[in-house]
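In case you want the letters, here they are:
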Amino acid sequence: MLYAVFCYSQEAAVMSWSKAKEDDLMQRLATVQEKLVADGELGPHGRLMPTTAATTIRIGRELAVVDGPFAETKEQLLGFYLLDCETFEEALEATRKLARERESGALELRPLRHFVPGKTLA
Amino acid sequence: MNDPAWIDAALAAARPQAVAALLRYFRDLDVAEEAFQDACLRALGKWSEQGPPRDPAAWLILVGRNCALDGLRRKAKFEVLTDSPPEEDVDEGEDELVDRLDGSHFRDDVLRLLFVCAHPSLPPAQQVALALRVVSGLSVKEIARAFLVSESAMEQRITRAKRTVRDAQVPFEAPGAGERAQRIAAVAAMIYLVFNEGYAASGGEEHVRVALCDEAIRLARLLLGLYVGESELQGLLALLLLHHARSAARVDTDGNIVLLQDQDRSLWDGEAIAEGLAMVDKIMREGPVGPYGLQAAIAAVHVRAPDAKATDWGAIDRLYALLETLQPSPVVTLNRAVAVAKLRGPDAALALIDPLEERLASYFHFHGVRGALLLELDRREEAREAFGRAIALAHTPAEAAHIRMHLDRLGGVE
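Note that the coordinates shown come from a computational prediction; the quantities given were computed from them, not determined experimentally. (Residues numbered from 1 in each chain as written. Chains lettered and ligands numbered in written order. Predicted model: local features only at pLDDT ≥ 70, side-chain atom pairs only at ≥ 80, totals over all residues.)

**Structural notes on the overall build of chain B**
So, step 1. Per the secondary structure count, chain B includes 20 helices and zero strands.
So, step 2. Here chain B, with 414 residues, has 41% of them falling under the buried criterion.
So, step 3. A separation of at least 24 residues holds for 63% of the contacts in chain B among residues at least 6 apart in sequence. (Helix = DSSP H or I, 4+ residues; strand = E, 2+ residues; numbered from the N terminus. Buried ≥ 20, exposed ≤ 12 C-beta atoms within 10 Å, placed from the backbone. Contact = placed C-beta atoms within 7 Å.)

What follows is the structure, given as structure tokens:
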């Protein structure tokens, strides 16, 4: 069985961490993550850039590209994709293709700050 | 959770929001600051026992307000109305306040607080000091160290600034759209000043200067988080990220300035660059592109080049030309001249900057750039003269040392 884990926290507080605290936490997490990858339990994982780097595609009768993160609380996170594109324009186009088949909701496009491929998942 | 650093980070993150709301309640910076301090003291006790509240900012606002009201009542020689500690009734009130904080009401609070610090009646140095003290919560001692002045001088500067903004009476009603745009522009300029204070100064202690750059980036994030679609705020954040990303390569181990073309690009901060570039992509796609966005786009061209030789000077020339039409300034033309020199040679660049001589006569970089162009043309006497004028105008030992190096080279041959 595959499981996804999503990380939630207050961005402003995380952005206020000192460099030392940030490095320390990331180092400790990396140790755990590497162990989980070695154990064959952890696949691709990464860290997102801040929400200020996000673009949202609102799905309605037409697709509306809106600057900024997905901000509604009435909708729930139902799935995710990872894209590998050269430019923002290409990533946006790929997201549009994924959005066109949908009837409602939104897709948030956000660059990754950091990525580890981890174990190749079956 | 047994690491108290999380409380410090949570308090620092909540500070702008909390002080901004307290300023609206009490309409006085000193009262708002003091109320926040009291709330922080109580948070240290309460949070380390019970963990963080659902919304730290809301908690601090309520507790701070209660503390300040208690204090005001006592000062007014009223009876102390309650014996219970100020945080007692917070839990019920918090949910309601959290909901209200999501509204635009709260955005205007934070913008007002930032605008008070960026008020046009304050000279730039006072804007920066006030923002660092009130919004960022740096101690007077830290700010004094960043500005290389005594603590008492900085204390006076901040007190003066507070008096000025009190007299200026920034209205507490929600601003109209035009007024809001003006405030955002003033605050963006102030944040840029904070960054520049950390970036350009090369006196002072290294870690203090880096702290100012970090703080400016944090403020830019805060402001952009409030006004997500604002293209110029995206531009500002991108610009600061792309500049800051290069800071480790800007000065060598002896404290000498290393020019962009000579920097070790492996020292650049890859994550900050990636974020800055992602923002520039968005700006160029969405538009409208303003002065900050254009400057960020120029910085992006530089960092996208794998080495200095591969720099797309044509793109930089075009972006500076756009910036010249948007924001005509001799300094912009001077910067453009550097690109022109790479594209069409030092003669063309000199022709571009010679007409600026009168307006930039007291500008260090004008004489520095001019000297370098003259040197390239082997007009050694004139180069020596230009460098001589630059060195007299240098603001920092590193700037002076950099020009001295050119002069030494000129002198050494003859």
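**Examining the nonpolar core**
All names here are of chain B.
So, step 1. Core analysis: the largest hydrophobic core is formed by 129 residues, its most contacted members being I191 and A220.
So, step 2. In terms of residue count, the dominant contributor to this core is helix α1 (residues 5-26) (twelve residues).
So, step 3. Dropping the residues within four chain positions of it, A220 is found in contact with I191, L233, L236, L237 and L240. (Core = buried A, V, L, I, M, F, W, Y, C linked by C-beta atoms within 7 Å.)

**Here we look at the interface of chain B and chain A**
So, step 1. With 21 residues of chain B in contact, the opposing surface of chain A contributes 19 residues.
So, step 2. Counting only elements with at least two residues in the side of chain B that touches chain A, the list comes to α1, α10 (206-226) and α13 (270-286) of chain B.
So, step 3. Looking at the side of chain B that touches chain A element by element, the count peaks at nine residues for α13 of chain B.
So, step 4. Each residue belonging to the side of chain B that touches chain A can be placed in one class, and the counts come to eleven nonpolar, two polar and eight charged. (Nonpolar A, V, L, I, M, F, W, Y, C, P; charged D, E, K, R; others polar.)

**So, the sheet that holds strand β2 (residues 55-59) of chain A**
Within a sheet, neighbouring strands are paired by backbone hydrogen bonds and run either parallel or antiparallel to one another.
Residue and element names in this part refer to chain A.
So, step 1. With antiparallel pairing, the three strands of this open sheet are ordered in space as β3-β2-β4. Taken across any chain shown, the strands that pair with only one partner, and hence form the sheet edges, are β3 (63-67) and β4 (106-109). With direction set aside, neighbouring strand axes in the sheet form an average angle of 20 degrees.
So, step 2. Inspection of the sheet shows β2 paired to β3 by five bridges, in the antiparallel sense. For T55, the partnering residue across the bridge sits in β3 and is D67. (Pairing = 2+ DSSP bridges. Axes fitted to C-alpha atoms, helices over the stretch in contact; angles between N-to-C directions.)

**Some details on the domain arrangement of chain B**
A common way to express how large an interface is: the accessible area buried when the components associate.
Residues and elements named next belong to chain B.
So, step 1. Partitioning chain B into domains gives domain 1 (5-102) and domain 2 (106-169 + 176-228).
So, step 2. Of the residues lining the interface, 13 residues belong to domain 1; the matching set on domain 2 comes to ten residues.
So, step 3. Considering each element in turn, the side of domain 1 that touches domain 2 owes the most residues, nine residues, to α1.
So, step 4. Taken together, the residues of the side of domain 1 that touches domain 2 break down into eight nonpolar, one polar and four charged. (Domains from an automatic or database assignment.)

**A look at unusual backbone geometry**
All names here are of chain B.
So, step 1. Unusually for a residue other than glycine, L148 sits at a positive phi of about 55 degrees.
So, step 2. Tracing the sequence through the fold places L148 in the loop between α7 (140-147) and α8 (151-168).
So, step 3. With a phi angle near 50 degrees, Q169 is a residue other than glycine that sits in the positive phi range.
So, step 4. Its place among the elements puts Q169 in the loop between α8 and α9 (177-200).
So, step 5. Looking at Q169, the number of C-beta atoms within 10 Å reads 8, which means it is exposed.

**Here we look at the environment of R42 of chain B**
So, step 1. Tracing the chain through its elements places R42 of chain B in helix α2 (residues 29-50).
So, step 2. Between the alpha carbons of R42 of chain B and G64 of chain B there is a distance of 9.2 Å; along the sequence they are 22 residues apart.

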